[in-house]
Structures are given as structure tokens and as C-alpha cells.
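# Residue-level structural notes
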Amino acid sequence: MSLQETPVSRHVRNASGGSRHTRKANSERLALQEEVHRQIASELHDSTCQHLVAASLILMQVRSALGDPLKATRHCDQLDISIDRAMKELRSLTYLLHPQDLFEGGLRTTIEQFAEGLAARTPLNIEVSISSAVDGLPYEAQRALLRIVQEALTNVYRHAKATQVVITIGTRDRKFKLEVRDDGQGMVAADGACRFRPWAPGAGIRIMRARLQEMGGQLEILSAPTTLRRGTILRATFPCALARE
């Protein structure tokens, strides 16, 4: 006797397939996050630890110059600089990597507060312009969008050498549009030419893209390392249909 597929069995099969797809997506995202963590650990070793090593060496010079107050003072000034640089790097990275929670005020307020806190810890001047419509998104969509902003700002801080960042989120053509624009060094092509072009994705970019794909959205990153038009632009779009009526 042959078995006939029923609506219930079809639903169970589809649900099982969706569950496998979700588990695979989550596994891939975790692997990407681990890759980012390894990269940051390497940067801390190569940069922040080097400031501390320099401080240790200068301290040895201070001890050998205790009989010469002027020389000892100069060494102490250098020691202060090395320790200050290490502390600033640690404070900035730990703030960026901390998993920010959504405030009761919603996504708009959370991003504004996060940008204000980052600007206070780094040389970045951050402007924020966000439509209140984002607070109508479901919690998980708001949380994903917050993570995308955090990851974008982490990339700016770590790589762009920027001084100015502008974050905008609005609605257009029945879509939400996020843009993070900086005035950093941009990227130079392999042939040394400077032109407006797509940015090759790293692990952080792939995490952002994965989050957006789960929301039915798209990610575009462009870089323009020229004297007239500097910096990088991250653009993310996803459907307004996600928002609650």
C-alpha cells in the first residue's frame, strides 16, 4: 500500500527543512563571528600590547635615569603616552564589541545613545539621523539592525582612519534604508587607481550581509579613496513590510 502525503505531513517536512536552513545560517554566522574575534585578538596583540611593551621598556629607562631628573621626566612623558594609547584602544574596542541591548525608547534612541558613547571614547565625530518608523519594526529586526550599525562602526574605527561618520536610516520606495558614511582613507585598487568601487568583504561584512538576507534585505559597500571624494559608504535596505502597522 502506498503512502499518500497529507497537508500535515507536508507542513512537517517544510518545517523540518526550514529548521535545517536556520541551523545552517546560525552556524555560518557563529563561524564568521569567531573569525572576527580572532582578527581583533590579533590586532590587540599587534597594537595594544606593543604600546604596553613600549611602556615597559621606557620604565626601564626611567630607572636608569633616576640620577638625571630632566631625562627621567622625558621618559615619564613617553611612558604616559604609551599607556594612554593602550587604554584608549582597549576602551574603544570593548565598548564596540559589547552586545548593546535595545533601550525602552526603541532602536532610534539606542543607536543615538550608542553613537554618543562611541564619540566620547574615540576621535570620531558621529552624526545620527534616524526615522522614528524604525521603532515599528519587530524586536528581532530592530536587534539585527542595531548589530549591523555596531559592526559598521567597528569597521570604521578599526580600518578607516576617519574623523567623521554620518548614520542615516529612513524609508524610501517602501523600503528601509540604512547608510553609514565616513570620511576615512577608503580603499585603493590593486593597480593603484582611485575610483568609486565595491569593497571586498571581510568577515564583519559577511556577518552584516547574512543578517540582512534573513530580513529579505541587501547590502552594498562602496569606497572612494580620492582627494575630492574620500571615504566609504555602507548602504543596507530591507522591506518596510517588516514594520508593524
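Counting restarts for each chain: residues are numbered from 1 in the order of the written sequence. Side-chain atom pairs in this predicted model are given and counted only at pLDDT of 80 or more, local residue features only at pLDDT of at least 70, and totals for whole chains, interfaces and linings cover all residues. The side-chain values count all of the structure's non-hydrogen atoms but skip hydrogen atoms and water molecules.

## Thoughts on the overall build of the chain
Counting its secondary structure elements, the chain contains five helices and six strands. Start at the N end of the chain and walk to the C end: the helices and strands fall as α-α-α-β-α-β-β-β-α-β-β. Contacts were defined at the residue level, with two residues in contact if any of their heavy atoms lie within 4.5 Å. Across the chain, contacts joining residues at least 24 apart in sequence account for 66% of those joining residues at least 6 apart. Roughly 14,800 Å² of accessible area belongs to the chain as shown, and the carbon and sulfur atoms make up 54% of that amount. In this description a helix means any DSSP run of H or I spanning at least four residues, a strand means any run of E spanning at least two, and both kinds are numbered starting from the N terminus. Surface accessibility in these figures is a Shrake-Rupley result with a 1.4 Å probe; residues are shielded only by whichever protein chains are displayed.

## A word on the packing of helix H2 (residues 69-97) against helix H4 (residues 139-160)
The geometry of H2 relative to H4 is characterised by a closest axis approach of 10 Å and an angle of 160° between their N-to-C directions. When the axes of H2 and H4 are compared, the pair comes out roughly antiparallel. The chirality of how H2 crosses H4 is left-handed. Mapping the contact onto sequence places Lys88, Glu89, Ser92, Leu93 and Leu96 in H2 and Gln150, Leu153, Thr154, Tyr157 and Arg158 in H4. In this classification, Asp, Glu, Lys and Arg are treated as charged, Ala, Val, Leu, Ile, Met, Phe, Trp, Tyr, Cys and Pro as nonpolar, and every other residue, Gly included, as polar. Per-class residue counts for the contact of H2 with H4 are four nonpolar, three polar and three charged. A fitted line through C-alpha atoms represents every axis, and for helices the fit uses only the stretch in contact; the resulting angles, taken between N-to-C directions, go from 0 to 180 degrees. We call two directions roughly parallel when the angle between them is under 35 degrees, roughly antiparallel when it is over 145, roughly perpendicular when it lies between 65 and 115, and oblique otherwise. What makes a crossing left-handed is the near helix being turned counterclockwise from the far one by less than a right angle; a clockwise turn instead makes it right-handed.

## Points about the confidence of the model for the chain
In this model, the chain carries a mean pLDDT of 76, and residues with pLDDT of at least 70 account for 69%. Mean pLDDT in the chain bottoms out at strand S4 (residues 197-198), which sits at 42, and peaks at strand S1 (residues 125-130), which reaches 97. Counting contacts from residues 7-16, a segment whose pLDDT is below 50, to residues more than four positions away or on other chains yields two contacts. This model gives residues 190-201 a pLDDT under 50, and the stretch forms 26 contacts once residues within four places in sequence are excluded. pLDDT is a per-residue confidence score from the predictor, ranging from 0 to 100.

## Topic: a nonpolar patch on the surface
Patch criteria: residues need more than 30% relative accessible area and no salt bridge. Like-charged residues are merged within 9 Å; nonpolar side chains of Val, Leu, Ile, Met, Phe, Trp and Tyr are merged within 5 Å. Salt bridges are counted wherever a side-chain nitrogen of Lys or Arg sits within 4 Å of a carboxyl oxygen of Asp or Glu. On the surface, Val53, Leu57 and Met60 cluster together to form a nonpolar patch covering roughly 290 Å² of accessible area. One can find leucine 57 in helix H1 (residues 7-64).

## Details of the pattern of salt bridges
Per the counting criterion, the structure on display carries seven salt bridges. Linking aspartate 84 and lysine 88 is a salt bridge whose minimum nitrogen-to-oxygen distance equals 3.3 Å. Placement of both aspartate 84 and lysine 88 in helix H2 is noted, with a separation of four residues, approximately one turn of the helix. Between arginine 211 and glutamate 151 there is a salt bridge, with the nearest N and O atoms lying 3.3 Å from each other. You can see arginine 211 sitting in helix H5 (residues 203-214) and its partner glutamate 151 sitting in helix H4, a full 60 residues away along the chain. Relative accessibility thresholds used throughout: buried, under 20% of the residue-type maximum; exposed, over 50%; partly exposed, between the two (1.4 Å probe, protein chains only). Residue class for glutamate 151 comes out buried when judged on its relative accessible area of 16%.

## Notes on the nonpolar core
Ranked by internal contacts, the top residues of the largest apolar core, which has 39 residues, are Leu153, Val165, Ile167, Leu178, Leu219 and Leu234. Residue contacts for leucine 234: discarding those within four places in its chain leaves Ala152, Leu178, Glu179, Val180, Met208, Leu219, Glu220 and Ile221. As used in this record, nonpolar core signifies buried Ala, Val, Leu, Ile, Met, Phe, Trp, Tyr and Cys residues forming a set joined through side-chain atoms within 4.5 Å.

## Some points on the side chain of threonine 110
As for its position among the elements, threonine 110 is in helix H3 (residues 107-121). By relative accessible area, which is 0% here, threonine 110 ends up buried. Excluding its chain neighbours within four sequence positions, the residues that come into contact with threonine 110 are Gln100, Asp101, Leu102, Phe103 and Leu146.

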